[in-house]
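# Observations on chain architecture
Listed below are the residues making up each chain.
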Amino acid sequence: MLTEKYLKSVKSIDGSELLLSDSAHLKLRVYKTSNGSLTFTWLYRYKIKSKVYKQRIGIYPDMTLAEARAICVELDAKLLETNEPLQPTIQRNIRKPNCNSVKSLFEQYIDFKRYALRDSTLHKIQKAYKAEISKLDNLPVKDLEPSIVLKTIINRLIEENSLDYARYIANLLNRFCEYCIDIGELKINRLERLNRAIPAGKARHQPSLNADNLEGELKELLSMIKTKPLSSQCLFFVSLLTLLRPSEIVGIQLKNIDLDNKVILIEQTKTTDGFKVPISPLLQYWLETQITVRPVDNEFLFSSKTISGHVSSDSMSKLLRENGYRDKLVSHGIRSIGRNWMAFHEDQIPFSVAEMCLTHVVGNEVTRAYFRTDLLEERRNAMNMWSKYVGSF
């Protein structure tokens with residue numbers, strides 16, 4: 001059985017996830033986020049007709065061990081009575097507030113969502129509330145009008161050209177109003193079309209090298225990189241030779257580097273899970289070099305100087321900013337360098353292969369239902385060609 005003393009002592013874990021057991025039904029899921037910090041989620045595990053169910057019931061330490069055990073007892077009794085799968089979420093201490101202000105109801109909304117959303121999503125909602133929505137705290141929710149929200153929050157974000165964030169706030173308030181309707185605090189959602197007041201804006205592309213002078217600009221960039229510390233060179237070349245996203249690069253774990261089969265397993269990308277990146281000879285050289293220069297021996301390839309965690313996903317962009325590439329190239333734009341080069345070699349690298357090298361989704365939903373290969377060997381050929389080109393400088 002678990003104890004509060006033991007739970008408070010858990011500061012790091014091996015791997016990205018650990019499941020601790022308090023009883024046959026009560027589990028605590030410990031998850032390591034992309035920046036190396038830990039989140040703790042209580043799970044109620046049960047079985048009906050040989051099928052295993054896991055239900056999220058709370059977050060530790062917001063919900064203590066004793067409280068989680070009490071809820072577990074309640075669920076045991078309910079399960080024994082119905083022998084049916086339980087509702088997807090169990091709420092604790094949800095009380096109707098004494099007033100119907102935006103503040104009190106939004107706090108209730110967050111509490112309602114607490115056990116249904118990922119921790120990162122919940123944190124994003126809380127951050128948005130603190131930064132923007134709290135400006136409406138004392139307003140009765142029945143008085144929420146588009147004109148008030150526009151004047152108080154949205155118009156300023158539009159002026160700052162924070163259009164995506166303005167749309168996020170508008171959509172969040174829309175969902176909040178739908179919740180208020182569900183609990184009887186509102187009769188109509190007047191913010192349903194609020195996001196229509198926000199301009200679409202222009203598509204923004206990540207700064208990258210000029211495709212028309214790719215060879216010259218890449219040669220100049222590599223000359224600069226080769227003057228930097230070895231650890232910075234490793235980060236750059238692993239980025240350039242894998243074409244992964246910055247967060248995927250810094251999250252690479254040693255256990256997922258298979259030098260025998262020449263692949264790196266990325267457990268989760270923006271578009272897929274379990275993606276294999278082929279290892280070219282030049283990439284293998286930089287991987288092995290980085291393993292020898294890591295400041296701390298933990299599970300990450302690009303370990304930070306602390307005992308756990310990895311370097312920031314902004315590390316590469318920071319290096320570029322400090323060396324003359326501000327507004328010219330960012331870490332995400334490194335992917336465009338490789339994609340542009342592949343576009344110049346379409347006779348040897350088909351479009352679908354080039355797109356999958358960047359873990360882009362190819363085709364529509366119907367096409368993907370039948371096209372289930374990861375084109376690993378085709379991507380290996382493409383990445384070997386790209387690697388030889390990079391190594392020619």
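Everything quoted here is computed from the prediction, not taken from an experiment. (Residues numbered from 1 in each chain as written. Predicted model: local features only at pLDDT ≥ 70, side-chain atom pairs only at ≥ 80, totals over all residues. Heavy atoms only, no water.)

What follows is about the nonpolar core. Here is a general trend for soluble globular proteins: nonpolar side chains tend to be buried in one another's company. Ranked by size, the top nonpolar core spans 51 residues in total, and within it Leu221, Phe236, Ile264, Ile337 and Trp386 carry the most contacts. Broken down by element, this core gets its largest block of residues, seven residues, from helix H8 (residues 230-242). Residues in contact with Ile337, not counting those within four places in the same chain, are Ser208, Leu209, Leu214, Leu218, Leu221, Leu240, Leu329 and Trp386. By size, the runner-up hydrophobic cluster in this structure holds 35 residues, among which are Ala128, Tyr129, Leu163 and Tyr179. (Core = buried A, V, L, I, M, F, W, Y, C linked by side-chain atoms within 4.5 Å. Buried < 20%, exposed > 50% of the residue type's maximum accessible area, 1.4 Å probe, protein only. Helix = DSSP H or I, 4+ residues; strand = E, 2+ residues; numbered from the N terminus. Contact = heavy atoms within 4.5 Å.)

Take a probe with the size of a water molecule and roll it over the atoms, and the empty space left behind shows itself. As a volume, the second largest pocket reaches approximately 430 Å³. Along the wall of the second largest pocket there are 16 residues; nearest its centre are Ser231, Ser232, Leu235, Val311 and Ser315. Of the residues forming the lining of the second largest pocket, the biggest block, four residues, is contributed by helix H11 (residues 315-325). Split by residue class, the lining of the second largest pocket holds seven nonpolar, six polar and three charged. (1 Å grid on protein atoms, 1.4 Å probe; cavity = no way out; pocket = protein on both sides within 12 Å on 5 of 7 lines; lining within 4 Å. Points joined across faces, edges and corners; volume = space filled by probe spheres on them. Nonpolar A, V, L, I, M, F, W, Y, C, P; charged D, E, K, R; others polar.)

Sheet architecture is open: four strands sit in the order S1-S2-S3-S4, paired in antiparallel fashion. Each of the sheet's edge strands pairs with one partner strand only, and the pair in question is strand S1 (17-21) and strand S4 (51-60). Between one strand axis and the next, the sheet turns through 30 degrees on average, direction left out of account. Bridge count between strand S2 (residues 26-32) and strand S3 (residues 38-48): seven bridges; the pairing is antiparallel. Paired with Lys27 across the bridge in S3 is Leu43. Contacts from helix H2 (residues 65-82) reach S2, S3 and S4 within the one sheet, and its direction differs from that of S3 by about 20 degrees. (Pairing = 2+ DSSP bridges. Axes fitted to C-alpha atoms, helices over the stretch in contact; angles between N-to-C directions.)

With that out of the way, let us pick up the environment of Leu230. Within the secondary structure, Leu230 sits in helix H8. Among the residues examined, Leu230 registers a relative accessible area of 38% and is labelled partly exposed. Spatially, the C-alpha atom of Leu230 lies 8.4 Å from that of Thr289, the residues being 59 residues apart in sequence. Beyond its immediate sequence surroundings of up to four residues, Leu230 is in contact with Trp286, Thr289 and Val293.

A complete count under the given rule lists 18 aromatic pairs for this structure. Here Phe106 and Tyr129 contribute two aromatic rings whose centre-to-centre distance is 5.0 Å and whose plane-to-plane angle is 10 degrees, an arrangement assigned as stacked. On the criterion of sequence distance, the pair formed by Phe106 in helix H3 (residues 102-113) and Tyr129 in helix H4 (residues 119-131) is long-range, its members being 23 residues apart. Considered together, Phe106 and Tyr129 belong to a single accessibility category, that of buried residues. Three or more aromatic residues link up through ring pairs in this structure, and these residues are Phe106, Tyr109, Phe112, Tyr129, Phe176 and Tyr179. The ring of Tyr168 has Lys124 lying over it, and the distance from NZ or CZ to the ring centre is 4.5 Å. (Phe/Tyr/Trp six-rings, centres within 6.5 Å; stacked < 30°, edge-to-face > 60°. Lys NZ or Arg CZ within 6 Å of the ring centre and 35° of its normal.)

So, about the packing of helix H7 (residues 214-225) against H11. Viewed as axis vectors pointing N to C, H7 and H11 meet at an angle of 105 degrees, and their least axial separation amounts to 11 Å. When the axis of H7 is compared with that of H11, the two are roughly perpendicular. Between H7 and H11, the residues in contact are Glu217, Glu220, Leu221, Met224 and Ile225 and Met316, Leu319, Leu320, Asn323 and Tyr325, respectively. A per-class count over the contact of H7 with H11 returns seven nonpolar, one polar and two charged. (Parallel < 35°, antiparallel > 145°, perpendicular 65-115°, else oblique.)

Turning next to helix H6 (residues 163-182). The end-to-end C-alpha separation of H6 is 29 Å, in line with the 28 Å expected for 20 residues at 1.5 Å each. Residues of H6 that are buried make contact with H3, H4 and helix H5 (146-159). Just downstream of H6, Gly184 is the residue with a positive phi angle, here 85 degrees. (Expected span 1.5 Å × (residues − 1).)

Per the counting criterion, the structure on display carries 14 salt bridges. Between Arg69 and Asp22 there is a salt bridge whose closest N-O contact spans 2.8 Å. Here Arg69 is found in helix H2, whereas its partner Asp22 is found in the loop between S1 and S2, with 47 residues between them in sequence. For Arg69, a relative accessible area of 28% puts it in the partly exposed group. The class of Asp22 is buried, set by a relative accessible area of 7%. Measuring nitrogen to oxygen at the nearest pair gives 3.4 Å for the salt bridge that ties Arg156 to Glu160. Judged by its relative accessible area of 46%, Glu160 falls in the partly exposed class. A network of salt bridges, in which partner residues are shared, links Glu132, Lys135, Arg156 and Glu160. (Salt bridge = Lys/Arg side-chain N within 4 Å of Asp/Glu carboxyl O.)

The next thing to look at is the packing of H8 against helix H15 (residues 376-391). Two elements in contact, H8 and H15, have axes separated by 9 Å at closest approach and are oriented at 140 degrees. One element, H8, and the other, H15, form an angle in the oblique class. When H8 is examined against H15, the residues Phe237, Leu240, Leu241 and Thr242 are found in contact with a partner set consisting of Met383, Trp386, Ser387 and Val390. Tallied by class, the residues present in the contact of H8 with H15 amount to six nonpolar, two polar and no charged.

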